[in-house]
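Structural overview
This is what each chain is made of:
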Amino acid sequence: LSHRSAACCSRMFSWMEAITTAYLNKLKEDDSLCRQAQTSGTFYLFHNLSPFLRKVGKKYLIPQLSAAEMKRILEKFKETEQWIEKSVLIGCSDEHVPHFALDLGASEKSVIEAELKGSFTDLRKALFVVDEKDSTLLASAQALLRWHDSHQYCSKTGQPTQKNIAGSKRVCHASGITYYPQASPVVIILVSDGSRCLLARQPSFPEGMFTALSGFCDLGEAVEEAARREVAEEVGLEVESLRYSASQHWPFPSSCLMIACHALVRGQQLKISMNSLELEEARWFSLEEIVDGLKRGPKSAKQDNGSFLPWFPPKQAVAHQLINEWVKQQTSQPTQVQ
Ligand SMILES: NC(=O)C1=CN([C@@H]2O[C@H](COP(=O)(O)OP(=O)(O)OC[C@H]3O[C@@H](n4cnc5c(N)ncnc54)[C@H](OP(=O)(O)O)[C@@H]3O)[C@@H](O)[C@H]2O)C=CC1
Ligand SMILES: [Mg+2]
């Protein structure tokens, strides 16, 4: 998944990106244009929100099917013409070939897998085996499909909602309410005391994995307030300064906008008071421990006696970027240690 850092966002949109964005906006606004685009577009397939992958040699690819191929396959499975209506627009190539995503949850999974020579793979695995660009696409496509699946009815009238052709919104014609896809803002904070950083684990994490503190923003809260509250709630420490690093769309458990920050705590109050309802362990890590941990993965962290040495989230997670940045900062400014 891509991390959008402050530095990266300061670069200007290229003219190519601007034209592509304008084209995509047109497709979102104009149902008949989008309907036409579906006939020349390509389709990424999902089954109950698991993306379709094909293994070629050691690589995992995500095949794109043309509308004609889709028609041929779905006719085989006696799917009606309606299938195309369920697809959602997820982007387009530089040449303006539109890309759509479609969930075939109603069809027999194994038969499609055999026909297309691949498999529907859980997103938690898929994201970590495909190329970086593909993982960003898969995560956002799944997020949009998931949103449509869970917004079939108007929460005010209980009447069915109807998607526009691109799938960028849903409307309840009884109440006139328009629903747009949403993500929950989450702050993720790497707390440092100047020479060590604080990582924690929840009981549900894979064994040995530690990551930065995180939490959902409350309604009405600014990012800074949420970060201070989460650190106070989870480890009982008071954040002194906060520095934005990057943001990332994260699809688990469903569409979070991760806002990643570095935080500093100082002085006498460095004793962790862990909230054991949320966390299983929280502790300070030295630079050496972090550098060692970054070399490990879930497999290599396992010791002969069955216990696990600490390891950290993979590069696709913004937590990894925070930890890497902290290491760089420590190694480039060794005198800053307090
Ligand atoms: N990409 C990355 O690098 C990382 C991503 N993350 C992601 O950050 C997210 C949040 O982290 P976490 O520390 O668990 O969050 P919190 O510390 O806020 O605690 C999670 C609890 O918040 C409640 N909750 C669930 N969904 C929402 C929501 N949409 N809005 C408000 N409260 C909610 C639930 O409690 P209850 O059921 O009791 O109501 C849940 O158990 C997770 O989805 C995780 O996957 C975390 C770390 C790294
Ligand atoms: Mg948390």
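Residues numbered from 1 in each chain as written. Chains lettered and ligands numbered in written order. Predicted model: local features only at pLDDT ≥ 70, side-chain atom pairs only at ≥ 80, totals over all residues. Heavy atoms only, no water.

Per an unreviewed UniProt entry, the protein chain goes by the name NAD(+) diphosphatase and belongs to Coturnix japonica. The UniProt entry for the protein chain carries the following text under Cofactor (unreviewed entry): "Mg(2+)". (UniProt positions renumbered as here; feature names shortened; annotations may be inferred.)

What follows concerns the overall build of the protein chain. The number of helices and strands found in the protein chain is ten helices and 17 strands. Among the 338 residues that make up the protein chain, the fraction classed as buried is 45%. Long-range pairs, those at least 24 residues apart, make up 65% of the contacts in the protein chain with a sequence separation of at least 6. For the protein chain, the computed accessible surface area is about 18100 Å², with 53% contributed by carbon and sulfur atoms. Averaging the positions of the 38 positive and the 39 negative side-chain charges in the protein chain gives two centres separated by 5 Å. (Helix = DSSP H or I, 4+ residues; strand = E, 2+ residues; numbered from the N terminus. Buried < 20%, exposed > 50% of the residue type's maximum accessible area, 1.4 Å probe, protein only. Contact = heavy atoms within 4.5 Å. Areas by Shrake-Rupley, 256 points an atom, 1.4 Å probe, with all protein chains shown as cover. Lys, Arg positive; Asp, Glu negative; His and termini not counted. Charge placed at Lys NZ, Arg CZ, Asp CG, Glu CD.)

This part covers the site of ligand 1. In the region of ligand 1, 20 residues are neighbours, and Ser 214, Glu 234, Phe 252, Pro 253 and Ala 319 sit closest. Glu 234 is positioned such that a nitrogen or oxygen atom in its side chain is 2.8 Å from an oxygen atom of ligand 1. For ligand 1, an oxygen atom lies 3.1 Å from a polar atom in the side chain of Trp 250. Elements that contribute at least two residues to the shell around ligand 1 include exactly strand E12 (184-192), strand E14 (213-216), helix H8 (223-235), strand E15 (241-250), strand E16 (256-264) and helix H10 (318-332). (Near = heavy atom within 4 Å. Polar contact = N/O pair within 3.5 Å; in protein donor to acceptor, adjacent residues only side chain to side chain.)

Take the UniProt feature "domain: Nudix hydrolase" (unreviewed entry) in the protein chain next. When the UniProt feature table is mapped to this numbering, "domain: Nudix hydrolase" (unreviewed entry) covers residues 181-308. Helix makes up 16% of residues 181-308 and strand 34%, whereas the separation of the span's terminal C-alpha atoms amounts to 39 Å.

Bound to the magnesium ion (ligand 2) on the protein side are Ser 214 (O) and Glu 234 (OE), at distances that span 2.1 to 2.2 Å. Within this pair, whereas Ser 214 is found in strand E14, its partner Glu 234 is found in helix H8, the two being separated by 20 residues in sequence. With a relative accessible area of 24%, Ser 214 lands in the partly exposed category. Exposure remark for Glu 234: the relative accessible area of 3% places this residue in the buried category. (Donors = N, O, S within 2.8 Å, 3.2 Å for Na, K, Ca; no water.)

Turning our attention to the nonpolar core. Core analysis: the biggest nonpolar cluster contains 42 residues, and Leu 138, Ile 188, Leu 190, Leu 199 and Ile 290 have the highest contact counts within it. Ignoring anything within four residues of it in the chain, the contact list for Leu 199 reads Leu 190, Phe 210, Thr 211, Ala 212, Glu 281, Ala 282, Arg 283, Phe 285, Ile 290, Phe 312 and Ile 323. (Core = buried A, V, L, I, M, F, W, Y, C linked by side-chain atoms within 4.5 Å.)

Before going further, it helps to spend a moment on the pairing of strand E6 (residues 88-92). Among the five residues of E6, five are classified as buried, and the element is accordingly described as predominantly covered. Bridging between E6 and strand E7 (residues 98-103) involves four bridges; their strand directions are antiparallel. Within E7, the residue paired with Cys 92 across the bridge is Pro 98. Where E6 folds back on E7, the antiparallel hairpin that results is connected by five residues, among which His 96 adopts a positive phi of roughly 65°. (Pairing = 2+ DSSP bridges.)

One can describe the packing of helix H2 (residues 15-29) onto helix H3 (residues 31-40) by two numbers: an axis separation of 5 Å at closest approach and a directional angle of 110°. By the angle class used here, H2 and H3 are roughly perpendicular. For the pair formed by H2 and H3, the contact residues are Tyr 23, Lys 26, Leu 27 and Glu 29 on the first element and Asp 31, Leu 33, Cys 34 and Ala 37 on the second. For the contact of H2 with H3, the class distribution of residues is five nonpolar, no polar and three charged. (Axes fitted to C-alpha atoms, helices over the stretch in contact; angles between N-to-C directions. Parallel < 35°, antiparallel > 145°, perpendicular 65-115°, else oblique. Nonpolar A, V, L, I, M, F, W, Y, C, P; charged D, E, K, R; others polar.)

To continue, consider the packing of helix H9 (residues 287-294) against H10. Between H9 and H10, the least distance of the axes is 11 Å, while the angle of their chain directions is 135°. Between H9 and H10, the angle falls in the class oblique. Relative to H10, H9 is oriented so that their crossing is left-handed. Facing Leu 287, Ile 290, Val 291 and Leu 294 of H9, the residues of H10 in contact are His 320, Ile 323, Asn 324, Trp 326, Val 327, Gln 330 and Thr 331. (Left-handed = near helix turned anticlockwise from the far one by under 90°.)

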